[in-house]
Amino acid sequence: MNREDLHEVGHVGPKYTWCNNKIGGGRILERLDRCLLNCATLNLIQMAVVKHLARIVSDHCSISINILANKAMNKRSIMFEDTWLTYKASHSVVQASWNKKCFIKGRSISDQILLAQELFNKFRHSKAKKGLVSIKIDMEKAYDSMCWATLEKVMDSFGFPKAFSKLILECVVSPKFSILINGESSKWIEAECGFRQGCPLSPYLFIMCSQLLMEEFENIGKNIGIKVNPNGPIISHLMYADDIMIFSRANKNCMKKVDNILKNYCSWTG
């Protein structure tokens, strides 16, 4: 440890990580499993905490590490601040989109609910001859189906450095899973696409890829939305994480545009 400049990270939970599973005087408890970081890594992070998880079947307990990066590290990587993703070493890579409220600092998904209520009130009192229509879209297994090639192309289009994009993809691409069944591990299951639910990086990667859908609405669906009042903005869609609500005038031309937008997004992302 001294030769390689390694330092032990503090831990929470049970003191010992290994037990010989014997009873009485023959029982031995030791702390064998540890997390070691060098000085260069410790200087980049603000806090690192190792958790000793419960020992259930194995004689070793699992350990997990939670890392909180400091400002110096964030400036060299990605920061999720204000309304969108900003790469501090260059410039803002994604423009703010008020249609999105999920996973974005300073925004609340409840704002979308209030706006949706105002729009449905417009439906109720509208005097439009041809009527208005709302469509609720639920993306089936949105995280699990997202194509990795799409993420790579999206990051490239946003101007992320190749080396940085490669690091992100290494955290996402080609994971393997094994299920513990009655104390025995199953065969390895290889993932072919998707983001892992529960991973803190996944929401931000998913919302980056969903920018493709926002751009399609801007390019194809400029005139399909409706206004709450004559001087207000045209609202075509509201996004709630992996759910979308679309608002449009009730005519065949608008519905064809909506259909094309959704088909394009599905073909790009999987």
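The structure displayed is predicted, hence computed values, not measured ones. (Residues numbered from 1 in each chain as written. Predicted model: local features only at pLDDT ≥ 70, side-chain atom pairs only at ≥ 80, totals over all residues. Heavy atoms only, no water.)

(A) View of the sheet that holds strand β16 (residues 243-249). Here three strands make up an open sheet; going across it, the order is β10-β16-β15 and the pairing antiparallel. Two strands lie at the open edges of the sheet, namely β10 (132-138) and β15 (237-240), each paired on one side alone. Strand-to-strand twist across the sheet, computed as the mean angle between neighbouring axes with direction ignored, equals 15°. Sheet topology places β15 next to β16; four bridges connect them, and they run antiparallel. Pairing of L238 across the sheet is with M245, part of β16. Running at roughly 155° to β16, helix α9 (residues 252-269) makes contact with β10 and β16 of the sheet. (Pairing = 2+ DSSP bridges. Helix = DSSP H or I, 4+ residues; strand = E, 2+ residues; numbered from the N terminus. Axes fitted to C-alpha atoms, helices over the stretch in contact; angles between N-to-C directions. Contact = heavy atoms within 4.5 Å.)

(B) Local environment of the nonpolar core. Counting 32 residues, the largest nonpolar core has M139, F195, L205, F206 and L213 as the members making the most contacts within it. When residues of this core are traced back to their parent elements, those giving at least two are α4 (142-145), α5 (148-157), α6 (162-172), α7 (202-209), α8 (211-219), β16 and α9. Among all residues touching F195, those that are not within four sequence positions of it are Y143, D144, M146, W148, L151, V172, S202, L205, F206 and C209. Judged by nonpolar contacts, the second largest core, of eight residues, contains A116, I235, L238 and M245. (Core = buried A, V, L, I, M, F, W, Y, C linked by side-chain atoms within 4.5 Å. Buried < 20%, exposed > 50% of the residue type's maximum accessible area, 1.4 Å probe, protein only.)

(C) Focus on the packing of α5 against α6. Direction vectors running N to C along α5 and α6 enclose 155°, while the axes themselves pass 10 Å from each other. The pairing of α5 with α6 is recorded here as roughly antiparallel in orientation. Regarding α5 and α6, the two cross each other, and that crossing is right-handed. Side by side, α5 and α6 meet where W148, L151, E152, M155 and D156 of the first sit next to K162, F164, S165, I168, L169 and V172 of the second. Of the residues that constitute the contact of α5 with α6, the class distribution is seven nonpolar, one polar and three charged. (Parallel < 35°, antiparallel > 145°, perpendicular 65-115°, else oblique. Left-handed = near helix turned anticlockwise from the far one by under 90°. Nonpolar A, V, L, I, M, F, W, Y, C, P; charged D, E, K, R; others polar.)

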